[in-house]
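Residues per chain, in single letters:
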Amino acid sequence: MGRRSSNVSQYSMVSIGYLLSLLLHPMPAHLQRSAAAVGESIMWALTALLLLVPSNGQAATLEKPILSLHPPWTTIFKGERVTLRCDGYHPLLLELRPISTLWYLGHLLLPSHKKSIEVQTPGVYRCQTRGAPVSDPIHLSVSNDWLILQVPYAAVFEGEPLVLRCRGWYDKIVYKLHYYHDGQAVRYFHSSANYTVPQARSSDSGRYQCSGTMRIPVESAPMFSSKVAVTVQELFQAPVLRVMGRGEPRGGVVVRCDTRLHPQKRDTPLQFAFYKYSRAVRRFDWGAEYTVPEPEVEELESHWCEVATATRSVRKRSPWLQLPGRGSALELASTTAPVPQAAALAPGNKPLSFRKPPVSRSVPSVTSVPNTTSAGLQFPTGRAPTAGPPACAPRRTPLEQSAGALKPDVDLLLREMQLLKGLLSRVVLELKEPPAFPEHRETMETLTPRVPVSPGAPETATVES
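Residues numbered from 1 in each chain as written. Predicted model: local features only at pLDDT ≥ 70, side-chain atom pairs only at ≥ 80, totals over all residues. Heavy atoms only, no water.

- An unreviewed UniProt entry annotates the protein chain as Fc receptor like B originating from Equus asinus.

1. Points about unusual backbone geometry
Then comes step 1: Between His-70 and Pro-71 the backbone carries a cis peptide bond, its omega angle lying at -10°.
Then comes step 2: Locating Pro-71 in the fold gives a position in the loop between strand 1 (66-70) and strand 2 (75-77).
Then comes step 3: The peptide bond linking Ile-216 to Pro-217 adopts the cis configuration, its omega dihedral lying at -15°.
Then comes step 4: Structurally, the position occupied by Pro-217 is in the loop between strand 15 (206-213) and strand 16 (223-224).
Then comes step 5: One non-glycine residue with positive phi stands out, namely Tyr-277, at about 55°.
Then comes step 6: Relative to the helices and strands, Tyr-277 is located in the loop between strand 21 (270-276) and strand 22 (279-285).
Then comes step 7: One non-glycine residue, Arg-312, lies in the positive phi region at around 65°.
Then comes step 8: Summarising the element assignment, Arg-312 is placed in the loop between strand 24 (303-309) and strand 25 (315-317). (Helix = DSSP H or I, 4+ residues; strand = E, 2+ residues; numbered from the N terminus.)

2. Focus on the environment of Gly-183
Then comes step 1: You can see Gly-183 is positioned in the loop between strand 12 (175-181) and strand 13 (184-189).
Then comes step 2: Judged by its relative accessible area of 58%, Gly-183 is exposed.
Then comes step 3: Gly-183 sits 27 residues away from Cys-210 along the chain, and the two C-alpha atoms are 10.0 Å apart. (Buried < 20%, exposed > 50% of the residue type's maximum accessible area, 1.4 Å probe, protein only.)

3. Observations regarding the sheet that holds strand 22
Then comes step 1: With respect to topology, four strands assemble into an open sheet ordered 22-21-24-25, the strand pairing being antiparallel. This sheet does not close on itself; its edge strands, each paired only once, are strand 22 and strand 25. Here the average twist between neighbouring strands, direction ignored, is 15°.
Then comes step 2: For strand 24 and strand 25, the ladder comprises three bridges, and the chain directions are antiparallel. Its bridge partner being in strand 25, Val-307 is matched across the sheet by Lys-316. (Pairing = 2+ DSSP bridges. Axes fitted to C-alpha atoms, helices over the stretch in contact; angles between N-to-C directions.)

4. A word on the pairing of strand 3 (residues 82-87)
Then comes step 1: Of the two faces of strand 3, only one is covered, namely that formed by Val-82, Leu-84 and Cys-86; the face formed by Thr-83, Arg-85 and Asp-87 stays uncovered.
Then comes step 2: Pairing of strand 1 with strand 3 involves five bridges; the strand directions are antiparallel. Bridge pairing links Leu-67 to Cys-86 in strand 3.
Then comes step 3: By the bridge criterion, four bridges tie strand 3 to strand 6 (residues 116-119) in an arrangement that is antiparallel. The residue of strand 6 that forms the bridge with Leu-84 is Ile-117.

5. Description of the nonpolar core
Taken as a class, soluble globular proteins show a tendency for nonpolar side chains to be buried jointly.
Then comes step 1: Core analysis: the biggest nonpolar cluster contains 21 residues, and Leu-149, Leu-162, Leu-164 and Tyr-179 have the highest contact counts within it.
Then comes step 2: Of all the secondary-structure elements, those providing two or more residues to this core are strand 9 (147-150), strand 11 (162-168), strand 12, strand 14 (195-197), strand 15 and strand 17 (228-230).
Then comes step 3: When residues of this core are assigned to their parent elements, the largest contribution, three residues, is made by strand 11.
Then comes step 4: With near-sequence residues (within four places) excluded, Leu-164 lies in contact with Leu-149, Gln-150, Val-151, Tyr-179, Asn-194, Tyr-195, Tyr-208 and Val-230.
Then comes step 5: One finds Val-255, Cys-257, Val-297 and Leu-323 within the second-largest nonpolar core, a separate group that totals 20 residues. (Core = buried A, V, L, I, M, F, W, Y, C linked by side-chain atoms within 4.5 Å. Contact = heavy atoms within 4.5 Å.)

6. Examining the state of the cysteines
Then comes step 1: Here the structure, examined in full by the defined rule, presents three disulfides.
Then comes step 2: The disulfide bridge from Cys-166 ends at Cys-210, spanning 2.0 Å between sulfur atoms. In this structure, the disulfide formed by Cys-166 and Cys-210 twists by about 70° around the S-S bond and is classed as right-handed. Residue Cys-166 is found in strand 11, and its partner Cys-210 is found in strand 15; the two are separated by 44 residues along the sequence. (Disulfide = S-S within 2.5 Å.)

7. Quick notes on the pattern of salt bridges
Then comes step 1: Counting across every chain of the model gives 19 salt bridges.
Then comes step 2: The residue Asp-87 makes a salt bridge to Lys-115 at a minimum N-O spacing of 3.7 Å. With Asp-87 in strand 3 and Lys-115 in the loop between strand 5 (108-109) and strand 6, this residue pair connects regions lying 28 residues apart in the sequence.
Then comes step 3: Within the structure, one salt-bridge network assembled from shared partners comprises Glu-80, Arg-165, Arg-167 and Asp-171. (Salt bridge = Lys/Arg side-chain N within 4 Å of Asp/Glu carboxyl O.)

8. Let's talk about the layout of surface pockets
Then comes step 1: Taken as a whole, the largest pocket spans an internal volume of roughly 730 Å³.
Then comes step 2: Forming the boundary of the largest pocket are 20 residues, of which Lys-64, Pro-65, Ile-66, Asp-136 and Gln-264 lie nearest the centre.
Then comes step 3: Residue composition of the lining of the largest pocket, by class: 11 nonpolar, three polar and six charged. (1 Å grid on protein atoms, 1.4 Å probe; cavity = no way out; pocket = protein on both sides within 12 Å on 5 of 7 lines; lining within 4 Å. Points joined across faces, edges and corners; volume = space filled by probe spheres on them. Nonpolar A, V, L, I, M, F, W, Y, C, P; charged D, E, K, R; others polar.)

9. So, the packing of aromatic side chains
Then comes step 1: One pass over the full model with this rule turns up 10 aromatic pairs.
Then comes step 2: Judged by centre distance (5.4 Å) and plane angle (25°), the ring pair of Phe-274 and Tyr-290 falls under stacked. Of this pair, Phe-274 sits in strand 21 while Tyr-290 sits in strand 23 (residues 289-292), and the two are 16 residues apart along the sequence.
Then comes step 3: You can call Tyr-290 buried: its relative accessible area is 13%.
Then comes step 4: Three or more aromatic residues link up through ring pairs in this structure, and these residues are Phe-77, Trp-146, Trp-169 and Tyr-170. (Phe/Tyr/Trp six-rings, centres within 6.5 Å; stacked < 30°, edge-to-face > 60°.)

Next up, the structure:
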């Protein structure tokens, strides 16, 4: 199809050139030069249109430009200036004349048309290049306080570093520096320093503030900055395990671990792992599909999946796979009806079972910790039923992580030991009280004669030799 479009564009240009040569032949020289210039412009315009219209006939749209801020802080002191830069995609064939950039402050159109501008006025800035939509906004704040808390202008996603900067008036050193998150002190420094969260989580969202003292010229009383809201964006959604259908040619059932990346991070590579109860049936790999073997099809509901980045900085697990409706998993997987959707299975407190569970059964939830750097798994107990495991959990020490990973095995071992104890108890009771056989009872009765006993005499028995 691309070769056909190229042939059409070449044919169009050759045809236009041929027609122009026929029209220009009898014309004077000065008219020929003017007509040639017009014809060349027409040829380039038609070529641009042919390239912008794909084979399906829909016009191609340009992506919105990227607006950046230098230095990358959204709050500055009064009198300071920052640089805004607008980077957009410009097809070469459309650059028949310099492409101007439009700048907006709120709803006001700024007079500049340069690619970069310097600003010091607070407000919401946007930019636009010719033929493209308006860029995402940048909010610039100007402060007249002694102390300001600076946060990055760009969105911070899960797994990325979050850097906060507490800055004194015109870079004066701040002493006894405290950083606060939702009113709680999270870090202390003796003097000016940035507060960095190496791998941000959703739990790191909230309102931040800093406090400290400055020597102006003597040390001042503690001063506080204004609170700044920080939101950590979700990198990808919690996955859902879905049944796709029968696997060919080796049989089994194909399941798929579905998730969705944030539009700004759609090029982020993800890896997928699949589990049956607490056992990994396929470790992390690039494929989002897994074929459940035929012998395990009856236990489809015991499967779940996990999605992680290549560095394992962000990990999220799916709920247990639950098949809606009646019938066995094998019948549901072999039907040609629409693919059943996975639903969240509420975790309960019942022990793990390696038999085919009923549709309404509940099993302990195997909760990974996607919002920490840990790779461990934990089996929480005693929770109220929820729609699935939480998307994030508080940070844990390595000892807690190892204990959480071993807990399911220990619980299973204890249950097996209790079952074995019950079986042994029954065997011991049966050995202590053997059943009396009728033949043996009759033999004993014939060997032991009975003697009548008077009511007033003591009970005695005499055996003759």
